[in-house]
Amino acid sequence: MKRVFSGVKPTGHLTLGNYLGAMRQWAAVDQHRADALFCVVDLHALTVDHDPARVRRLSRQAATLLLAAGLDPRLCTLFVQSHVDEHARLSYLLECVATDGEMRRMIQYKEKAARERERGGSVRLSLLTYPVLMAADILAYGTDEVPVGDDQTQHVELTRDLALRFNQRYGQAFVVPRATTPAVGARVMNLQEPMSKMGKSDDSGPGIVYLLDEPDVVRKKVMRAVTDSGRDVEYDREGRPGVANLLEILAACTGGNPEALADVYESYGALKKDTAEAVVEVLRPVQARHKELCADPVFVEGVLRDGAQRARAMARPVVDAAYRAIGL
Ligand code: ADP
């Protein structure tokens with residue numbers, strides 16, 4: 001059976017982008033077809049200015065939402081990254097095969113570092129080494145496939161490079177993984193700035209649909225989405241990114257195809273209205289289940305404790321072998 005690993009960062013409330021780009025596939029497909037691990041990657045939340053109590057709260061919320069989205073602890077392993085020491089242990093070894101040049105070339109680093117500097121802040125070293133920790137997350141479990149949205153494929157490529165380099169230099173320690181992305185929904189864009197992705201840690205609330213947004217809030221955000229001054233509905237990601245994004249979201253929510261859907265609509269208003277309703281319907285069962293789970297914190301706690309135990313048992317031998325291989 002294939003081994004699958006993926007994660008979410010507790011840096012903000014989870015979004016429709018996280019759901020359509022990643023979580024939905026984890027629940028509907030990956031946990032059924034593979035030996036799958038899903039992780040709330042809380043160490044990654046420390047790479048930017050953070051409030052300790054908020055990170056703790058968001059980690060718990062993310063785990064609860066992953067269960068609400070359909071992850072089943074009988075089918076997969078769900079855990080919190082910092083509960084398993086092997087991630088940090090392996091990360092250091094991988095820092096010893098990675099170069100600073102390849103870290104500085106990572107698009108997300110360049111964007112996030114620029115944003116931190118614009119705000120007048122300093123850039124934490126961990127923001128630069130973030131992709132190495134992510135590589136450790138993946139490689140510690142002998143992962144074959146990493147189901148992610150488009151924005152993470154460069155980091156998975158780097159993970160492959162590090163695994164190959166380590167294996168060539170020190171012997172076969174790691175499985176070389178590959179990224180898988182969904183056909184539709186791999187890149188959900190911000191409704192107010194359709195040239196940037198809908199990211200949970202951005203401050204631009206009105207362009208982001210959060211998984212726990214009330215139906216009326218979802219409707220308002222979608223109805224106010226930026227489009228353009230054209231009239232006819234056309235699927236053109238470059239030329240008309242706002243409209244293309246709505247078509248993608250609608251397609252991802254209803255199982256349709258964005259190009260075919262473009263022929264169905266004659267006005268932006270009708271497209272927005274149907275998209276809003278489709279999103280509300282997709283979120284409804286997730287929100288209902290989330291409410292039930294919030295009433296049962298002991299269950300969530302137990303899932304995370306068992307998950308960490310199982311994850312540790314899987315990661316330990318892989319990381320120990322890597323330590324031996326590199327000369328320790
Ligand atoms: P974020 O950018 O929201 O902090 P994470 O790093 O926690 O995202 O990503 C969790 C998963 O959600 C990843 O697989 C990522 O590729 C996916 N993802 C995040 N944002 C989007 C988006 N706007 N569209 C599609 N997938 C996304």
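Here is what the cut-offs are and how they apply
Residues numbered from 1 in each chain as written. Predicted model: local features only at pLDDT ≥ 70, side-chain atom pairs only at ≥ 80, totals over all residues. UniProt positions renumbered as here; feature names shortened; annotations may be inferred. Helix = DSSP H or I, 4+ residues; strand = E, 2+ residues; numbered from the N terminus. Axes fitted to C-alpha atoms, helices over the stretch in contact; angles between N-to-C directions. Parallel < 35°, antiparallel > 145°, perpendicular 65-115°, else oblique. Left-handed = near helix turned anticlockwise from the far one by under 90°. Contact = placed C-beta atoms within 7 Å. Nonpolar A, V, L, I, M, F, W, Y, C, P; charged D, E, K, R; others polar. Near = placed C-beta within 6 Å. pLDDT = per-residue confidence, 0-100. Domains from an automatic or database assignment. Buried ≥ 20, exposed ≤ 12 C-beta atoms within 10 Å, placed from the backbone. Pairing = 2+ DSSP bridges.

An unreviewed UniProt entry annotates the protein as Tryptophan--tRNA ligase of Streptomyces galilaeus. As its UniProt record puts it under Subcellular location (unreviewed entry), the protein is described as follows: "Cytoplasm". According to the UniProt record, the Catalytic activity (unreviewed entry) comment for the protein reads "tRNA(Trp) + L-tryptophan + ATP = L-tryptophyl-tRNA(Trp) + AMP + diphosphate + H(+)".

Here the focus is the UniProt feature "short sequence motif: 'HIGH' region" (unreviewed entry) in the protein. As annotated by UniProt and renumbered to match this structure, "short sequence motif: 'HIGH' region" (unreviewed entry) occupies residues 10-18. Secondary structure within residues 10-18 divides into 33% helix and 0% strand; the distance between the first and last C-alpha atoms comes to 11 Å.

What follows covers the packing of helix H3 (residues 86-95) against helix H12 (residues 297-326). Between H3 and H12, whose axes approach to 10 Å, the crossing angle comes to 25 degrees. When the interaxial angle is binned, H3 and H12 end up roughly parallel. Two packed elements cross with a definite hand, and for H3 against H12 that hand is left-handed. From H3, Glu-86, Arg-89, Leu-90 and Leu-93 reach across to H12, where they touch Arg-312, Ala-315, Arg-316, Val-319, Ala-322, Tyr-323 and Ile-326. For the contact of H3 with H12, the residue count by class is seven nonpolar, no polar and four charged.

Another point: the site of the ligand. Close contacts around the ligand come from 21 residues, with Gly-17, Gly-21, Ala-22, Val-148 and Gly-149 the closest. Elements with a minimum of two residues in the shell around the ligand: strand S1 (3-8) and helix H1 (16-33). If one sorts the elements of the shell around the ligand by residue count, H1 sits on top with four residues.

Across the protein, pLDDT averages 95, with 99% of residues at or above 70. Confidence estimates for the predicted assembly give a pTM of 0.95 and an ipTM of 0.97.

What the domain assignment lists for the protein is domain 1 (3-181 + 296-326) and domain 2 (205-291). Between the C-alpha centres of domain 1 and domain 2 there is a distance of 29 Å. In this assembly, ten residues from domain 1 lie in contact with ten residues from domain 2. Within the residue set of the side of domain 1 that touches domain 2, elements represented by two or more residues are H1 and helix H2 (52-68). Of the residues that constitute the side of domain 1 that touches domain 2, the class distribution is seven nonpolar, three polar and no charged.

Here we come to the pairing of S1. Regular strands have side chains that alternate between both faces of the sheet. Counted residue by residue, S1 has five buried out of six residues, so it is predominantly covered. Relative to strand S2 (residues 35-40), S1 runs parallel, the two being bridged by six bridges. Looking across to S2, one finds that Ser-6 is bridged to Phe-38.

Here we take up the packing of H3 against helix H6 (residues 125-139). Where H3 contacts H6, the axes come no closer than 8 Å and their chain directions differ by 120 degrees. With respect to H6, the axis of H3 lies oblique. As for how H3 packs across H6, the hand of that crossing is right-handed. On H6, the residues touching His-87, Leu-90, Ser-91, Leu-94 and Glu-95 of H3 are Thr-129, Val-132, Leu-133, Ala-135, Ala-136, Asp-137 and Leu-139. Of the residues belonging to the contact of H3 with H6, the class tally is seven nonpolar, three polar and two charged.

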